[in-house]
Amino acid sequence: MPRYYTEPVISVLARPVFSEPSHLPVEWMGESTDGERLAEFAGRLCYMSQHNPAKRNTRDYLENIKRQGHGSVLEHATYSLLVEGVSRSLTHELVRHRAGFAYSQLSQRYVDESQASFVVPPAVIGDSALEETWRTQVESAQTQYVALVESLMARYSWVADKVHRRKMAREAARSVLPNATETKIVVTGNVRAWRTMLELRSSEGAEMEIRRMAIAVLRVLQQEAPGFFSDFETYVADDRKDAARVSHHKV
Ligand SMILES: Cc1cc2nc3c(=O)[nH]c(=O)nc-3n(C[C@H](O)[C@H](O)[C@H](O)COP(=O)(O)OP(=O)(O)OC[C@H]3O[C@@H](n4cnc5c(N)ncnc54)[C@H](O)[C@@H]3O)c2cc1C
């Protein structure tokens, strides 16, 4: 029986490490993380205001950067996340966010999907009859995938390179797998890019699964660096699902 995901799984793979040059020390104030200090350092360099004339703590300084719309300062800090338990249809939408992002995704040509997991669409969760019907359809598609790989391996048995033969079989057989097939993707983005994507995909207009993922990512990044994401507010929308809104739009 395949594994069924009802939530994405987000892991932080990489975060900034800031190393302050000794000849340009900043008068830091308040609590902050390396990523936040890196952005403040970059912003202060523009005016050589390392002495912190307004006596702002880092998170207030970043709030002001967002208020003023100086988004380029936020591009210095990047975070890499491993996103699992999401569907192929979700990543199809996610990779449309181009500026400031890098992606590496599990290949269905190389990886055997006969043991693949699936992602239950949020609208299906909680109705046992609907879930049962949906599972039957998904499992039937997976059975067809396995049969198709087998037939294609036999059809192309004359291809001497077994790796190439398997790739030929899997790349054709994957066409019968559903959009709900689980995938894994490494996403690296700078803070400006993350903010834009999260604004679009955590809002009520976004597709339910990507919205669920955006909220999960938002919670992780708010823990990582509150100064970059504190102006996002999460709430329960009229459809009874979590959504978020942001005070400073597309900086
Ligand atoms: C609710 C929703 C529904 C959607 N429905 C559909 C749909 O039905 N069909 C569909 O095809 N897509 C759809 N999309 C995807 C949408 O069209 C965008 O591709 C996606 O949101 C990424 O936005 P973006 O291009 O602004 O992002 P990015 O590529 O990350 O760009 C960010 C910003 O950088 C700038 N930029 C990036 N590239 C360029 C460029 N080449 N030239 C000039 N400026 C640039 C722009 O200011 C842009 O807003 C939908 C998105 C949402 C949120």
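Cut-offs applied
Residues numbered from 1 in each chain as written. Predicted model: local features only at pLDDT ≥ 70, side-chain atom pairs only at ≥ 80, totals over all residues. Heavy atoms only, no water. Helix = DSSP H or I, 4+ residues; strand = E, 2+ residues; numbered from the N terminus. Rg over C-alpha atoms; globule rule 2.2 N^0.38 Å. Contact = heavy atoms within 4.5 Å. Areas by Shrake-Rupley, 256 points an atom, 1.4 Å probe, with all protein chains shown as cover. Lys, Arg positive; Asp, Glu negative; His and termini not counted. Charge placed at Lys NZ, Arg CZ, Asp CG, Glu CD. Pairing = 2+ DSSP bridges. Phe/Tyr/Trp six-rings, centres within 6.5 Å; stacked < 30°, edge-to-face > 60°. Buried < 20%, exposed > 50% of the residue type's maximum accessible area, 1.4 Å probe, protein only. Lys NZ or Arg CZ within 6 Å of the ring centre and 35° of its normal. Core = buried A, V, L, I, M, F, W, Y, C linked by side-chain atoms within 4.5 Å. Near = heavy atom within 4 Å. Polar contact = N/O pair within 3.5 Å; in protein donor to acceptor, adjacent residues only side chain to side chain. Nonpolar A, V, L, I, M, F, W, Y, C, P; charged D, E, K, R; others polar. Patch = residues over 30% accessible without salt bridge, like charges linked within 9 Å, V, L, I, M, F, W, Y side chains within 5 Å. Salt bridge = Lys/Arg side-chain N within 4 Å of Asp/Glu carboxyl O.

Novice: Whenever I open this one, the overall build of the chain confuses me. Can you help?
Specialist: For the chain, the helix and strand inventory stands at 8 helices and 8 strands. Here the C-alpha atoms of the chain give a radius of gyration of 22 Å, more than 25% beyond the 18 Å that 2.2 N^0.38 yields for 251 residues. Judged by the C-alpha coordinates and their principal axes, the chain covers about 75 × 50 × 25 Å. A fraction of 74% describes how many contacts in the chain between residues 6 or more apart in sequence connect residues 24 or more apart. If you sum the accessible surface of the chain, you get close to 13,000 Å²; carbon and sulfur atoms cover 50% of it. Each charge class in the chain can be summarised by its mean position, and for the 32 positive and 32 negative side chains these summaries are 5 Å apart.

Novice: Any chance you could explain the pairing of strand 8 (residues 242–246) here in plain terms?
Specialist: Where a strand is regular, its side chains alternate between the two sheet faces. Relative to strand 8, strand 7 (residues 232–236) runs antiparallel, the two sharing 5 bridges. Paired with Phe232 across the bridge in strand 8 is Val246. Where strand 7 folds back onto strand 8 in an antiparallel hairpin, the turn is made up of 5 residues, including Arg240, whose phi is positive at roughly 70°.

Novice: Would you explain the packing of aromatic side chains in this entry?
Specialist: The description of an aromatic ring pair rests on the distance of the ring centres and on the angle between the ring planes. This model, assessed by the stated rule, comprises 9 aromatic pairs. Consider the rings of Phe229 and Phe232, whose centres lie 6.4 Å apart with planes at 40°: the pair is tilted. In this pair, the class of Phe229 matches that of Phe232, namely buried. Members of the aromatic cluster, each reached through a chain of ring pairs, are Tyr4, Phe118 and Trp134. Its end group placed over the ring of Tyr4, Arg135 keeps NZ or CZ at 4.6 Å from the ring centre. Above the ring of Tyr235, the side-chain terminus of Arg245 is found at 3.9 Å from the ring centroid.

Novice: What's the story with the nonpolar core in this structure? I'm lost.
Specialist: Counting residues in each nonpolar core, the largest one holds 38 residues, and the members touching the most others are Trp194, Leu198, Met213, Phe228 and Phe229. Broken down by secondary-structure element, the contributors of at least two residues to this core are helix 2 (58–68), strand 3 (78–87), helix 3 (88–94), strand 6 (182–190), helix 6 (191–201), helix 7 (208–224), helix 8 (226–229) and strand 8. Ranked by the residues each element gives to this core, the list is headed by helix 7, at 8 residues. Setting aside chain neighbours within four positions, we find Phe228 in contact with Gly35, Glu36, Ala39, Leu62, Lys66, Leu74, Ala77, Tyr79, Val191 and Arg195.

Novice: I would appreciate a short explanation of the environment of Phe41 in the present structure.
Specialist: Relative to the helices and strands, Phe41 is located in helix 1 (residues 34–47). When its relative accessible area of 14% is taken as the criterion, Phe41 is described as buried. Not counting residues within four places of it along the chain, the set of residues in contact with Phe41 comprises Phe18, Pro21, Leu24, Val26 and Trp28.

Novice: When you look at the site of the ligand in this model, what are you seeing that I'm missing?
Specialist: In the neighbourhood of the ligand, the contacting residues comprise Arg96, His97, Arg98, Ala99, Leu200, Arg201, Gly205 and Lys250. Taking Arg96, its side chain carries an N or O atom lying 2.8 Å from an oxygen atom of the ligand. Within the side chain of Arg98, a nitrogen or oxygen atom sits 2.7 Å from an oxygen atom of the ligand. Protein coverage of the free-state accessible area of the ligand, which is 940 Å², stands at 44%. The residue makeup of the shell around the ligand, split by class, is 2 nonpolar, 2 polar and 4 charged.

Novice: Would you mind showing me how to read the environment of Lys167 here?
Specialist: Following the sequence through the fold, Lys167 ends up in helix 5 (residues 162–173). Lys167 sits in the buried class, given a relative accessible area of 16%. Distance in space between the C-alpha atoms of Lys167 and Tyr110 is 5.8 Å, their sequence separation being 57 residues. Not counting chain neighbours up to four residues away, the residues in contact with Lys167 comprise Arg109 and Tyr110.

Novice: Got a minute to help me understand a nonpolar patch on the surface in this structure?
Specialist: A surface patch of nonpolar side chains, amounting to about 270 Å² of accessible area, comprises Tyr110, Val111 and Val163. With respect to the helices, strands and loops of the structure, Val111 is situated in the loop between strand 4 (101–105) and strand 5 (118–119). Among the residues examined, Val111 registers a relative accessible area of 34% and is labelled partly exposed.

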